[in-house]
Amino acid sequence: MDIQKLKYFIAVVENGTVSKAAKVLNMTQPPLSMLLKKFEDEIGIQLFRREGKRLYLTDSGQLVYQRGIELLASSEAILQEAREYQQDHRGTVSIGCAAVANFSLIPEVIKRMNDRSINIVTHVKEGSPPYILDHLRFHKLDIGMVRNVYNRNDLITTKLFTEPVMVALPPGHPFSEKKSVALEELKDENFLLHHSSYEYNISDTIIMECKKRGITPNIVYWGTETLPMLGMVKAGMGIAFPPKSVIKSVGVALPPLVELSSPSITTTLNLVTMKNSVPKDAVVMFLNILQEVIAEMTKEFGILSINETNSP
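These remarks concern the structure in this document. (Residues numbered from 1 in each chain as written. Predicted model: local features only at pLDDT ≥ 70, side-chain atom pairs only at ≥ 80, totals over all residues. Heavy atoms only, no water.)

**A closer look at the overall build of the chain**
- Within the chain, the regular secondary structure consists of 10 helices and 13 strands.
- In the chain, the proportion of contacts linking residues at least 24 apart, taken out of those at least 6 apart, comes to 76%.
- For the chain, the computed accessible surface area is about 16,100 Å², with 52% contributed by carbon and sulfur atoms. (Helix = DSSP H or I, 4+ residues; strand = E, 2+ residues; numbered from the N terminus. Contact = heavy atoms within 4.5 Å. Areas by Shrake-Rupley, 256 points an atom, 1.4 Å probe, with all protein chains shown as cover.)

Here you go:
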């Protein structure tokens, strides 16, 4: 298979038309159309169904497209790893995650790599689950760490651990000295909740439990990140519901945290990778150390480490 023609084919699929792909590739349309036809002839597979001026992927074309992306990503990973190995044996890991994981888990992993003289550079991009999944699919990230549960044909989701949801209270709040509070006790508070248009999340559970108890929560803020919300809690704007692992956040002054006892609500952190991708040595090493950190944290907090993999 001609890798360059494969790249042209993928560009046509991702840009929607030959003309748009030609502009992106800085070439004219006729040569690109000719290269596509040669590519089909060389591999002996009809990639497109042509109806007038429009092209539609065949089932075989869809398979070549999906596997082609994986092939290009794997070849790029090999070259990148070889370059890094040549340059002082350095490796890289690109991670997409929410801010809490970046403040609580990743610093401890990096500390252990430094202590063991493991020469890996960690690139972290914070963002929402849709942002992380898009970057995974375009091979701009090696792994994602998200709290939503996904069931997608092109993804492998590994459940890392489940932990309790806490209640963050403003400083000096009457409940801040308590060990735990019930949801009914919070009915008059201003709620700061996580927003997600992508799958079911913890805020949906909180609202559902409020309805069961005849409570109409006074939601004054919807956000996507935990740490800015905790800053608002510290400023007295309301209460929030962070995961317990936020306690491990490095360099962050947290508001008072108490357990939510009735009901007890949990949230799961998931590792997401692309199916059939070839992991780099640096990624494997990073994940091994991450498992160490999680194992110790589960003992410290009494949370559940499950490591259950879901690959459709």
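Still to come is the rest of the account.
**What to know about the pairing of strand β5 (residues 143-146)**
- Across the two faces of β5 the burial is the same, with I143 and M145 and G144 and V146 all buried.
- Relative to β5, strand β3 (residues 91-97) is paired through 3 bridges, and the arrangement is parallel. Counterpart to G96 in the pairing with β5 is G144.
- The sheet contact formed by β5 and strand β12 (residues 266-274) spans 3 bridges and is antiparallel. For G144, the partnering residue across the bridge sits in β12 and is V272. (Buried < 20%, exposed > 50% of the residue type's maximum accessible area, 1.4 Å probe, protein only. Pairing = 2+ DSSP bridges.)

**Observations regarding the environment of M145**
- Along the chain, the position of M145 falls in strand β5.
- Measuring from C-alpha to C-alpha, the distance between M145 and K159 comes to 9.7 Å, with 14 residues separating the pair along the chain.
- Not counting residues up to four positions away in its chain, the partners in contact with M145 are I95, G96, C97, A98, A101, L105, I132, L269, N270, L271 and L290.

**A closer look at a nonpolar patch on the surface**
- Nonpolar side chains collect at one region of the surface, where M1, I3 and L71 lie side by side and expose about 280 Å² of accessible area between them.
- With respect to the helices and strands, L71 occurs in helix α4 (residues 59-86). (Patch = residues over 30% accessible without salt bridge, like charges linked within 9 Å, V, L, I, M, F, W, Y side chains within 5 Å. Salt bridge = Lys/Arg side-chain N within 4 Å of Asp/Glu carboxyl O.)

**A word on the pairing of strand β11 (residues 257-262)**
- The pairing of strand β7 (residues 166-168) with β11 spans 3 bridges and is classified as antiparallel. Across the sheet, V167 pairs through a bridge with V258, a residue of β11.
- Pairing of strand β8 (residues 180-182) with β11, which is carried by 3 bridges, proceeds in the parallel orientation. If you follow A182 over to β11, its bridge partner there is S262.

**Topic: the packing of helix α1 (residues 3-15) against helix α3 (residues 29-43)**
- Interaxial distance between α1 and α3 falls to 10 Å at its minimum, and their mutual angle equals 115 degrees. Viewed along their axes, α1 and α3 form a crossing whose handedness is left-handed. The residues of α3 that touch α1, namely those facing K5, L6, Y8, F9 and V12, are L32, L35, L36, K38, F39 and E42.
- By residue class, the composition of the contact of α1 with α3 is 8 nonpolar, no polar and 3 charged. (Axes fitted to C-alpha atoms, helices over the stretch in contact; angles between N-to-C directions. Left-handed = near helix turned anticlockwise from the far one by under 90°. Nonpolar A, V, L, I, M, F, W, Y, C, P; charged D, E, K, R; others polar.)

**Regarding the pattern of salt bridges**
- For the structure on display, the rule yields 14 salt bridges.
- Salt-bridge contacts for E209 lead to R213; the nearest nitrogen and oxygen are separated by 2.6 Å.
- By relative accessible area, which is 27% here, R213 ends up partly exposed.
- Shared partners join several salt bridges into a network, and the residues in it are E108, R112, R116, E292 and E296.

**Looking at the sheet that holds β8**
- The strand order β7-β11-β8 describes an open sheet built from 3 strands, whose pairing is mixed. Looking at strand neighbours, the two that pair on one side only are β7 and β8, the edges of this open sheet. On average, adjacent strands in this sheet sit at an angle of 45 degrees to one another, irrespective of strand direction.

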